[in-house]
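Secondary and tertiary structure notes
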Amino acid sequence: MTSHDDTRPPEETTTELATTQEAASEAASETSSVAASGVASGAASGAGPGTEPPAWLDELTPRQIVAELDRYIVGQDAAKKSVAIALRNRWRRQRVDEELRDEIAPNNLILIGPTGVGKTEIARRLARLAGAPFVKVEASKFTEVGYVGRDVESMVRDLADTAVNLVRAEREDEVQEKAESRAEERLLDLLFPASRPGGDGSAGTQVGGGVRVETARNPAASEPLPSEGAEAHPPRPRIFVVGSEGVRPTAVEGEEESGTSDDAETRGADGRELTLEERHVRTREKLRGLLRDQKMEDRMVEVEVDQTPSLEGMMIPMGMEGMDPNFTEMLQDMMPKRKKRRTVTVSEARRIFIQEELDRLVDMDEVVNEALDRVEEMGIIFLDEIDKIAGERGTSGPDVSREGVQRDLLPIVEGSNVQTKYGLVRTDHVLFIAAGAFHVSKPSDLIPELQGRFPIRVELKPLLEEDFVRILTEPRNALLHQYQALIKTEGVDIVFSDDGTREIARIAASLNERMENIGARRLQTVLTTLLEGILFELPEGAGETILVDRDYVTSHLSRIVEDEDLRRYIL
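Per chain, residue numbering runs from 1 following the sequence as it is written. Only residues with pLDDT of at least 70 are given local features in this predicted model, and only at 80 or more are side-chain atom pairs given and counted; all residues enter the totals for whole chains, interfaces and linings. Each side-chain value is derived from all of the structure's non-hydrogen atoms; neither hydrogens nor water enter the calculation.

1. Looking at the overall build of the chain
Comment: elements are numbered from the N terminus, with helices defined as DSSP H or I runs of at least four residues and strands as E runs of at least two. Along the chain, the regular secondary structure elements total 22 helices and 15 strands. Residues count as neighbours in contact if any of their non-hydrogen atoms are within 4.5 Å of one another. Contacts in the chain between residues far apart in sequence, at least 24 positions, make up 76% of those at least 6 positions apart. Accessibility throughout is a Shrake-Rupley quantity obtained with a 1.4 Å probe, and a residue counts as covered only by protein chains that appear here. For the chain, the computed accessible surface area is about 30,500 Å², with 50% contributed by carbon and sulfur atoms.

2. Topic: the sheet that holds strand β1 (residues 109-112)
Spatial strand order, β2-β9-β12-β1-β13: 5 strands in an open sheet with parallel pairing. The sheet is open, and its two edges are formed by β2 (134-138) and β13 (456-459), each paired on a single side. Direction aside, neighbouring strands of the sheet carry axes that sit 20° apart on average. By definition, two strands form a pair when at least two bridges between them are found by DSSP. Pairing of β2 with strand β9 (residues 380-384), which is carried by 5 bridges, proceeds in the parallel orientation. Note that in β9 the partner of V137 across the bridge is L383. Relative to β1, helix α4 (residues 77-94) is tilted by about 165°, and along the sheet it contacts β1, β9, β12 (431-436) and β13. The angle between two axes is taken between their N-to-C directions and runs from 0 to 180 degrees, where each axis is a line fitted to C-alpha atoms and a helix contributes only its stretch in contact.

3. As for the nonpolar core
Nonpolar cores were defined as sets of buried Ala, Val, Leu, Ile, Met, Phe, Trp, Tyr and Cys residues, with membership established by side-chain atoms within 4.5 Å. Partly exposed residues are those whose accessible area sits between 20% and 50% of the maximum for their type, while under 20% is buried and over 50% is exposed, using a 1.4 Å probe and protein chains only. Residues M155, V301, V303, I381, L383, L409 and F432 are the most contacted members of the largest nonpolar core, which totals 62 residues. When residues in this core are grouped by element, the largest group, 7 residues, is from helix α12 (residues 346-361). Once residues lying within four places of it in the same chain are set aside, the contact partners of L409 are V152, M155, L383, I389 and L450. Formed by 57 residues, the second largest nonpolar core is a distinct cluster that contains V83, L111, L460 and F496.

4. Some points on the packing of aromatic side chains
For any pair of aromatic rings, the description rests on two quantities: the centre-to-centre distance and the angle between the ring planes. Two aromatic rings, drawn from Phe, Tyr or Trp (for Trp, its six-membered ring), form a pair once their centres lie within 6.5 Å of each other, and the interplanar angle then sorts them: stacked below 30 degrees, edge-to-face above 60, tilted otherwise. Applying the stated criterion across every chain, the model contains 0 aromatic pairs. The ring of W91 carries R88 above its face, with NZ or CZ at 3.8 Å from the centroid. Look at NZ for Lys and CZ for Arg. If either is within 6 Å of the ring centre and within 35 degrees of the ring normal, a charge sits over the ring. Taking NZ or CZ as reference, R125 lies 4.0 Å from the ring centre of Y72, over its face.

5. Section: the pattern of salt bridges
The term salt bridge refers to a side-chain nitrogen of Lys or Arg lying within 4 Å of a carboxyl oxygen of Asp or Glu. Within this structure, the stated rule accounts for 42 salt bridges. For D70, the salt bridge goes to K80, with nearest N and O atoms at 2.4 Å. Taken together, the residues D70 in helix α3 (residues 62-70) and K80 in helix α4 connect sequence positions 10 residues apart. A salt bridge links E357 to R186; the nearest nitrogen and oxygen atoms lie 2.8 Å apart. One end of the pair, E357, is in helix α12; the other, R186, is in helix α8 (residues 176-191), and 171 residues separate them in sequence. Judged by its relative accessible area of 11%, R186 is buried. A network of salt bridges, in which partner residues are shared, links E184, E185, D189, R284, E285, R288 and R292.

6. What to know about the pairing of β1
The alternating pattern of β1 places L109 and L111 on one face and I110 and I112 on the opposite face, and all of these are buried. Pairing of β1 with β12, which is carried by 4 bridges, proceeds in the parallel orientation. Within β12, the position partnered with L111 by the bridge is A435. Pairing geometry for β1 and β13, over 4 bridges, is parallel. Bridging from a neighbouring strand, I112 pairs with E459 of β13.

7. Considerations on helix α14 (residues 403-414)
Over its 12 residues, α14 extends 17 Å from the first C-alpha to the last, a length consistent with the 16 Å expected when each residue adds 1.5 Å. Among all positions in α14, only G404, V405, Q406, D408, L409, L410, I412 and V413 are buried. The inward-facing, buried residues of α14 abut α7 (154-174), β9, β12 and α15 (448-452). Helix span is expected to be 1.5 Å times the residue number reduced by one.

8. Regarding the side chain of S441
Of note, S441 is situated in the loop between β12 and α15. You can call S441 buried: its relative accessible area is 11%. For S441, the side chain forms a polar contact with the main-chain oxygen of D387, separated by 3.2 Å. Setting aside its immediate chain neighbours within four residues, S441 contacts D387 and A390. We define a polar contact as two N or O atoms separated by no more than 3.5 Å, with the added condition that, inside protein, one atom must be a possible hydrogen donor and the other a possible acceptor, whereas residues neighbouring each other in sequence contribute only through side-chain atom pairs.

9. Some words on unusual backbone geometry
In this structure, the amide linkage connecting L538 to the following residue, P539, adopts the cis form with an omega of 10°. One non-glycine residue with positive phi stands out, namely E385, at about 55°. Inspection of the secondary structure puts E385 in the loop between β9 and α14.

10. Things to note about the packing of α8 against α12
Packing of α8 against α12 brings their axes to within 8 Å, and their N-to-C directions diverge by 130°. By the criterion of interaxial angle, the relationship of α8 to α12 is oblique. In this structure, the crossing between α8 and α12 has a hand that is right-handed. The segment α8 lies against α12, with Q176, K178, A179, E180, R182, A183, R186, L187 and L190 engaging V346, A349, R350, F353, I354, E356, E357, L358, R360 and L361. Just so you know the grouping, Ala, Val, Leu, Ile, Met, Phe, Trp, Tyr, Cys and Pro go in nonpolar, Asp, Glu, Lys and Arg go in charged, and all remaining residues, Gly too, go in polar. Here the contact of α8 with α12 is composed, by residue class, of 10 nonpolar, 1 polar and 8 charged. Orientation is classified from the angle alone, with under 35 degrees giving roughly parallel, over 145 giving roughly antiparallel, 65 to 115 giving roughly perpendicular, and any other angle giving oblique. In this scheme the crossing of two helices becomes right-handed for a clockwise turn of the near helix relative to the far one and left-handed for an anticlockwise turn of less than a right angle.

11. Here we look at the confidence of the model for the chain
Of all residues in the chain, 67% have pLDDT values of 70 or greater, and the mean over the chain is 74. This stretch, residues 1-55, has a pLDDT under 50; its non-local contacts, to residues over four places away or in other chains, come to 106 contacts. Known as pLDDT, the predictor's confidence for each residue is given on a scale from 0 to 100.

12. Quick look at helix α18 (residues 498-514)
Here α18 contains 17 residues, and its C-alpha end-to-end distance of 25 Å stays within 8% of the 24 Å for a straight helix at 1.5 Å per residue. Buried residues of α18: G500, T501, E503, I504, A505, I507, A508, A509, S510, L511 and N512, and no others.

13. Thoughts on the side chain of R101
With respect to the helices, strands and loops of the structure, R101 is situated in helix α5 (residues 98-101). Buried within the structure, R101 lacks any salt-bridge partner; its nearest side chain of opposite charge belongs to E98, at an N-O separation of 5.3 Å. Within the structure, R101 has its side chain in polar contact with the backbone oxygen of V96 (distance 3.2 Å). By the counting rule applied here, Lys and Arg register as positive and Asp and Glu as negative, while His and the ends of each chain are not counted.

14. A short note on the packing of helix α17 (residues 479-488) against helix α19 (residues 521-530)
Closest axis-to-axis distance for the α17/α19 pair is 11 Å, and the angle between their directions is 35°. Judged by the sense of rotation from one axis to the other, the crossing of α17 with α19 is right-handed. Only L523, Q524, L527 and T528 of α19 make contact with α17, whose side of the interface consists of L479, L480 and Y483. Along the lines of polarity and charge, the residues of the contact of α17 with α19 split into 5 nonpolar, 2 polar and no charged.

Written out as C-alpha cells, the structure reads:
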C-alpha cells in the first residue's frame, strides 16, 4: 500500500522529518511482535475435537433457555421444553466419555401446529440463543437429485458457510484492537510518513513493518553555499506541525513574526532544543490525537488496494454449489490480480486498513478447521415447511418434489458425508428440527423411514384471544411497542389502553374463527388497517398524543368486520 503526503505545500521545497536507525528497528520489531502475538492468540483460542465447548452451553440450563424464549414467544410451553432439552443434550454429550460419545444420537424433533403459532419464531430465537452453527431452510425449495432445483445437500453446505462466518467473526473480535492499532499506524504513515534520509537525501527507505514510504529530496544538499561575506547559518529544515488547524509548516528563518511560535514548537518543556527525531515523534503523536478525536475524517488520502476477482458472485449451475475447493482456488489464481488507486476519506481508509489487517491476523485454515468441528458436533438445521413434501404414496410417476426429497433427506438425517468447499462434513450428530402445519397432509404421510428419524413430536396449540392480548403487550418486540416506536419518530405519541388492546385481540380471534386461521399473523393485518389513517396523516399534528381505546377500535374496524366482502379482501 503506497500513498502520498497531501499535507505538504507543493510549491515549497521541504524536507521530511527523519527517524533514526534505532527507531526504525524498534518499529519493525513491534510490528513483528504484534503479528506473532496475534497468531499465538488465535491458535490458543482454537478448539478441536474433544476440547471444551463454548461458554454459552455452560451458562444456559433448560430452564434458562425456556425463560429466554419466553421473552419473545407467548405460550407453547411443550415446544419450548422439548427444544431446550434437545439443546442441552448437545452440551451433555460433550461431557460423555469419548468411547460412548459417538454412539449418542441427537434428539431430532418435529413441531406440528397451525401457521402463526410460533414455530418459525422459535427457530429464529434459537439461532440467536444457541451460539452454534444454525441454518433455517425451506423443505419446499428442494427437488430430487438429478432434477432442476436445489438438492438437499445444499443445506449442509449452507451450514458450513454459516459456521465459517461465525468462527471468523469471533476471531476478528479477538484481534480487533490489534487491527485498529495497525490501521492507525498506517494512517499516520499516509498523513505523516516516517522516513530517514539516505546518503544523498533523496533515496526512499524501508522502515518498520515493511511499509514503504517516499522520502523527499533534502534541499540542504542542493542549496548553494552562502557567500564568504555573508554570515554562515546552518540550513533550517521546514518542520510540519500538527495543531488544531490541521497540519501546517513552521515558519522559516527570517519570518520574525512567528519566531515565538517556532521556539515553542522546537523546544521541549525544559527549554532544551529538540532533535529531529523528537520533533517527529511529538508531531506524530499530535496527529494521532487528531485522528482519535475524529477531526480529520474528511481529509482525502490516496490508497492502493488489491482487486482480486471473486468467484462467489459468479453464476454457478444448480447443484454444483459444493464444487471442489481446489478447483475453485485454481480458477481464482488464474484470474489477473490488479491494483487500483483510490482517493478516499480518512474514515474510509481506516475501514479498508482495518479489514486488511484482520485478514492478515486471522488464520483462515484454523478458522475452517474449527468451523467444521462445530458443524459436526453442534450444528443445528431447522427444516421448515416439511409438510409440503409429505403426500399420499402410491401415485403414478416420479414425485421429485415430495417423496423424492424425502428419500434424499434420509441419508443426511441418519448420518452421511457431504462434500462442501471446506471439506467433507459428517452429519451423524447434526441436530435436525422439522416443523410443519400439516393442514392438508399429516405426519403419517411421510415415508416410514423418515418418520423414524424424528422420534420426538411436539404439537403446538392454536392461539386464543388471551394469547393475543399477551402477544400484543408482553414480548420485548411486541407489535404495539413497534408501532409506538415508529410513530414516535414523527413526534407523536400513541397510547393503547387496556380495553383497546383487548378489542384488537377479540377482533383478530374472531376473524381467525370465521376465516382461515393464520394465528398471530392476523394481528399484523388488523393493526395495519386500524392505524392506516394515522400513519398516512403523519407528520401532521406533531406533538400530539393519540389514544387508542375500545371506542376508537370499534369505530375504525366495525364496518370492515361486519361486511363479509370487505373482510375477505382487507383483513
